[in-house]
Amino acid sequence: MIVSNHISHIDSVAFESLLSCFMNANKNRIPTFLRWILKYDEVKPDDAVPALVFPEGASTSGTSGLLKFSSWPFDTKNEPFVLALITVSRPYFVQIAPSVLGGNWWSDFLWLLFTPYSHFKIRFVQPPKREDELTNEEYSIIVQNFMATKLGISATKFDAKEKIEYAKRYFYERARERRERAAGMRITSNQPHTTVTQANSALDSRLESMATQVKDVLPQVPITVIRKNIKTTKCIDTTISNILEGKVSYTPELPGQKTQEKPEPKSNPSTSKVAANTFGRDSTERHLSFQERKKAFIEAARQRYIAKHNLNVM
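The rules behind each value
Residues numbered from 1 in each chain as written. Predicted model: local features only at pLDDT ≥ 70, side-chain atom pairs only at ≥ 80, totals over all residues. Heavy atoms only, no water. Helix = DSSP H or I, 4+ residues; strand = E, 2+ residues; numbered from the N terminus. Buried < 20%, exposed > 50% of the residue type's maximum accessible area, 1.4 Å probe, protein only. pLDDT = per-residue confidence, 0-100. Contact = heavy atoms within 4.5 Å. Salt bridge = Lys/Arg side-chain N within 4 Å of Asp/Glu carboxyl O.

(A) Here's a closer look at the environment of Asp204. Of note, Asp204 is situated in helix α6 (residues 160–217). On the basis of relative accessible area, Asp204 is assigned to the partly exposed category, the value being 48%. Sequence spacing of Asp204 and Lys231 is 27 residues, and the spatial spacing of their C-alpha atoms is 8.9 Å.

Below is the structure:
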């Protein structure tokens, strides 16, 4: 029996090219037609050829450490076996590992074909002596440490199942990071549109507030007319001046039925009458007359607003 460390899915091909040996068909995972080409099927377990065993149960890089050995290859004390130390190297300008996490037999075999060369080095050594009182588990640990020392790497306590679980977590995290990056790119691409929309919404809200203030001063002016003019001027005073000067044409709104039933708030007669008695003789006098009427009109609207909301203004 040959007990070897495991680096890639094609380690058995390297051993078969060197000497006759066999593996369990369920463990080497080599396709049937390729086993036929390599004449694997011509070697039977009953033949006088050694069996090839990988006690790690999974491949490693061969540069960091050995996985924990299974104890089943050492359950027969009288079964002779030899240790095989396998290493794989490729040209320095080809940075391709013999096997990668999540790889399979086909990927390892294709990279073997498309690289300039892959150097498989196999060394055979005698196993350490086994004491009679050692259990299979204890002896497997001794063999693992012995092979790790010969290879110049460490003997880990991780087994093949833990490697499989680690691979699952690793690929899950990679997929999650890709999804998060894709989501971040979508958010970034939509951010300018979102910013413009928020800015427009804030501007509309400010203009609506200004239109409401003008409506409180000039309740007879339709709100649609005020909104249209306030979008152009963006100023409350300018809009009020445009309406009072007749620059904005509109049809005065009639008060509703509910508003008519309410008693009219008392206002100062001097401020309710805003029409000029005479037409000014020159532009200066007419301008002063307009300013007085404008001030009186605003004051009258203010008094109505105070009376409407029952405000106590000192």
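From this point, things continue past the structure.
(B) Representation of the confidence of the model for the chain within the structure. Per-residue confidence for the chain gives a mean pLDDT of 76, with 71% of residues at or over 70. Per-element mean pLDDT across the chain ranges from 37 in helix α9 (residues 257–261) up to 91 in helix α5 (residues 136–151).

(C) Structural view of the environment of Ala211. Tracing the backbone shows Ala211 in helix α6. Ignoring any residue separated from it by four or fewer positions in sequence, one finds Ala211 in contact with Ile223, Ile226, Arg227 and Ile230.

(D) Representation of the pattern of salt bridges within the structure. The final tally for this structure, using the stated rule, is five salt bridges. With a closest N to O distance of 2.7 Å, Glu180 and Arg176 form a salt bridge. Of this pair, Glu180 and Arg176 both sit in helix α6, four residues apart, which is roughly one turn of the helix. By relative accessible area, which is 46% here, Glu180 ends up partly exposed. We classify Arg176 as partly exposed; its relative accessible area is 28%. One salt-bridge network, held together by shared partners, links Glu173, Arg176 and Glu180.

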